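Overview (structure and organization)
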Amino acid sequence: MKNKPLLDVVLPRTLDVWVSQFEQPEWRGAQLEGWLFEGVAARRAAEQRLAAAGVQAQLRSAYKPLLHYFLEEIDRSTLAAVTIRYPVHPNTSPRRFLLEAYPLAGLLPDCKLEFVPGNDDLHYQLDFTLHDGSHKQASVFAPNRIHVDHIDVTLLSPTGWLRARMQSDLKARLDSAHMTDYEQLFERVVQTVKQHPWPAQEPYFERLDIRVDLPGIEQALPVDHESISSYEALHEDIYFSLLEIFQRHSGRPANDRRLQPGQIVPDVRASHTAPRLSICLNSFDTKTQDLCAPADAGSEQPLDLLDTAPHPKRIAAEMDSMGGQRFVALSCQGREVHGLYQAGPGAAVLISGGQHANETSGVVGALRAAQILKARESTGNKAHFALIALENPDGYALHRELCTQHPGHMHHAARYSALGDDIEYREQAPLYEREAREKALTLSGAQLHINLHGYPAHEWTRPLSGYVPRGFELWTIPKGFFLILRHHTGWQAEGRALLEHVSAALAKVPGLLAYNTRQMALYERHAGELPFEVLNGSACTQSEVNHRGAPITLITEFPDETVEGERFRFAHTVQMETVLAAVSAWQGLARK
């Protein structure tokens, strides 16, 4: 299938529609308030046009309105203390509106900040104490609508809103939710995909492209890697909403990661004109995809200094340089998954990265750790390991493609394979990428799999589907580096000992404890108490599973989606140190 269009449509830009409507003579002297998904510069320009027509307008962001209030409407340097009473609504989680205020606590580091739960009125009530001793109050509206979504769940989601009155009016002439262009585009995507006659057999397509061009918000924040991006939020909402639609179509249960719909690719770009949406079914074109991705900017950098995810050719070359017994599997799109087995006298481990291909620090961490283990041969301390530095090359190629537009976004469309499934959960032939893991376990006999992962380095939202990412509620904001230990029945003691040893070793990594402490503190201000055990300064979980594979799997989670520069170097250093600590500990824990 090559280039089968499903939809190509241009929608009116809501901001332009509002300006055109209220520039009319009958609205001269009106007071207008509007909330929509546009950046501050566009909103201010529209206010000026309306002022020239005699209309006093305040246009605000419908996305994260409290945060925008503190960014746009108040001098934060004057604040000594703030008490915020946030909405608590029965159609969403109790802390939803506190999450939506994130990372306000990080924006007000020198201000005494208190959050207090309120009622179901959709306003934040603010009490300020200024440095000069004066007090003032404010109310910030959070426009939301109750609706039933594409899988028949009732949600409360941010929405546009329009409020207008004449000076002589006793009450507003307009005061209601308004479906903005941002929301309309999302609904058109959902309805087009739901109504299409998909086949019964998975996969339903090779590649489903959703191209969106529209005005919006892209704003970096002075808190770690935080940002506000309506483009990224729409990418995430489209991707996971379509996964949910195909999951229902398939008859599979919710969140079944074995689903293979095909590759879903939302490409959401900034424009300054009327929003446009095109949806198209395409065949895979790996040659074009690889050519459009960036060249290897770090080809001359040693691994420990890499400040961005390496080119696939660099990954393959690094593995070639280590020697050992090589093995290969082929991905769905025909890319090679490179594997390496190094025999040795000690307890074997499997080291892997890039299962979720938008989590890139583990790829470099795996390579760096393997190089160090390999170098120990010269001291007579030969390590015993298998290595798959990049398990998901098709997802990695898509991540590189998407990063040409938005290098700092999390790009969850690149998380899974080109079939749309999670390689970890693939059970039936053809195994494609999963075959590399099976070969590694067979060759090495490893009882421990060190599986290097990452998660978003900034807030993850689905604003048009209830705001909080469904099924991933614990991952919505960063909480530092942490460890997940999964073990088969009867391996609990070895798993716990491994966690204790590795977390103790990580506490000695320069900067990691401070990093974790800072992120966990901000997490707890907005999301509540950390739902994990903290062991030697790192959050940890341990659970029994019945998945096939090694009896013990140690999964790392570093907030690396998508960081560069010094942040990326720190991320892959922590990943490397985790591998080395786990390999060392395992020599005394493995069963003979």
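The structure under discussion appears in the preceding block.
So, here's what we can say about the structure. (Residues numbered from 1 in each chain as written. Predicted model: local features only at pLDDT ≥ 70, side-chain atom pairs only at ≥ 80, totals over all residues. Heavy atoms only, no water.)

**Quick word on the overall build of the protein**
Put simply, the rule reads: The way it works is that DSSP assigns letters per residue, a run of H or I at least four long becomes a helix, a run of E at least two long becomes a strand, and they are numbered from the N terminus. Computation of the radius of gyration draws on C-alpha atoms alone. For the globule rule, the value is 2.2 Å times the number of residues to the power 0.38. Relative accessible area decides the class of each residue, using a 1.4 Å probe on protein chains only: under 20% of the type maximum gives buried, over 50% gives exposed, and in between gives partly exposed. When checking whether two residues touch, look at their non-hydrogen atoms; a contact exists if any pair is within 4.5 Å. A 1.4 Å probe and the Shrake-Rupley method give the accessible areas. Residues count as covered only by the protein chains that appear here. Charge convention: Lys and Arg are scored as positive, Asp and Glu as negative, and His as well as the terminal groups of each chain are ignored. Charge positions come from single atoms, namely NZ of Lys, CZ of Arg, CG of Asp or CD of Glu.
Tallying secondary structure elements over the protein gives 15 helices and 25 strands in all. For 592 residues, the compact-globule estimate of 2.2 N^0.38 gives 25 Å, and the protein sits close to it at 26 Å. In terms of its C-alpha atoms, the protein occupies a principal-axis envelope of roughly 90 × 60 × 45 Å. Counting over 592 residues, the protein shows a buried share of 58%. Partitioning the intrachain contacts of the protein with sequence separation of at least 6 by distance along the chain shows that 78% fall at a separation of at least 24. For the protein, the exposed area adds up to about 23100 Å²; of that, 50% sits on carbon and sulfur atoms. The averaged location of the 72 negative side-chain charges in the protein is 1 Å from the averaged location of its 58 positive side-chain charges.

**A short note on the sheet that holds strand β15 (residues 263-270)**
Selection rule: Criterion used throughout: strands pair if DSSP finds at least two bridges between them. Axis lines are fitted to C-alpha atoms, over the contacting stretch for helices. Their N-to-C directions set the angle, which ranges from 0 to 180 degrees.
On the basis of which strands lie adjacent, the open sheet formed by 4 strands has the order β1-β16-β12-β15 and mixed pairing. With one partner strand each, in any of the chains shown, β1 (4-10) and β15 form the two edges of the open sheet. If you compare each strand with its neighbour and ignore which way they point, the axes differ by 10 degrees on average. Summarising the sheet, strand β12 (residues 207-214) and β15 pair through 8 bridges and their orientation is parallel. Considered in β15, the bridge of D213 is made with R269. Packed on one face of the sheet, helix α7 (residues 230-250) meets β12 and β15 and runs near 155 degrees to β15.

**Some details on the packing of helix α9 (residues 312-320) against helix α10 (residues 361-375)**
Stated precisely, the cut-off is as follows: Between 65 and 115 degrees an angle is taken as roughly perpendicular, under 35 as roughly parallel, over 145 as roughly antiparallel, and anywhere else as oblique. Crossing handedness: left-handed means the near helix sits turned counterclockwise from the far one by under a right angle, and right-handed means the same turn made clockwise. Basically, the charged four are Asp, Glu, Lys and Arg, the nonpolar ten are Ala, Val, Leu, Ile, Met, Phe, Trp, Tyr, Cys and Pro, and anything else, Gly included, counts as polar.
Two numbers describe how α9 lies on α10: the axes approach to 11 Å, and their chain directions differ by 15 degrees. Judged on the interaxial angle alone, α10 and α9 are roughly parallel. As for the relative orientation of α9 and α10, their crossing is left-handed in sense. Counted together, I315, E318 and M319 of α9 and V363, L367 and Q371 of α10 form the full contact between these two elements. Looking at the contact of α9 with α10 residue by residue, the classes come out as 4 nonpolar, 1 polar and 1 charged.

**A few points about the layout of surface pockets**
Rolling a probe over the atoms, with the probe sized like a water molecule, indicates the empty space that remains. Let me state the cut-off plainly: Cavity means a closed set of points on a 1 Å grid over the protein atoms alone, one where a 1.4 Å probe fits but cannot get out, pocket means an open set with protein on both sides within 12 Å along at least 5 of 7 lines, and lining means a residue has an atom within 4 Å of a point. Grid points are joined across faces, edges and corners, and a volume is the space filled by probe spheres set on the points.
As a volume, the largest pocket reaches approximately 400 Å³. Lining the largest pocket are 17 residues, and of these D290, H311, P312, K313 and R335 sit closest to its centre. Within the residue set of the lining of the largest pocket, elements represented by two or more residues are α8 (286-292), α9, β18 (336-342) and α11 (393-403). Partitioning the lining of the largest pocket into residue classes produces 9 nonpolar, 2 polar and 6 charged.

**Describing the pattern of salt bridges**
The criterion, for reference: Criterion for a salt bridge: a side-chain nitrogen of Lys or Arg within 4 Å of a carboxyl oxygen of Asp or Glu.
Throughout the structure, instances matching the rule amount to 48 salt bridges. The closest approach of N and O atoms between E33 and R60, which form a salt bridge, is 2.9 Å. Linking E33 in strand β2 (residues 30-36) with R60 in strand β3 (residues 56-61), this pair joins segments that are 27 residues apart in sequence. By relative accessible area, which is 23% here, E33 ends up partly exposed. A relative accessible area of 17% means that R60 is categorised as buried. The partner of R163 in a salt bridge is D175, and the shortest N-O contact between them spans 3.0 Å. Of this pair, R163 sits in strand β10 (residues 160-166) while D175 sits in strand β11 (residues 174-178), placing them 12 residues apart in sequence. Judged by relative accessible area, D175 falls into the partly exposed class, the value being 41%. Taken together, the shared-partner salt bridges in this structure form one network comprising E33, R60, E73, R163 and D175.

**Structural notes on the packing of helix α6 (residues 181-195) against α7**
The N-to-C vectors of α6 and α7 enclose an angle of 20 degrees; their axes lie 10 Å apart at closest approach. Compared by their axis directions, α6 and α7 come out roughly parallel. Handedness of the α6/α7 crossing: right-handed. Seen from α6, the contacting residues are Y182, F186, V189, V190, V193 and K194; seen from α7, they are S230, A233, L234, D237, I238, S241, L242, I245 and F246.

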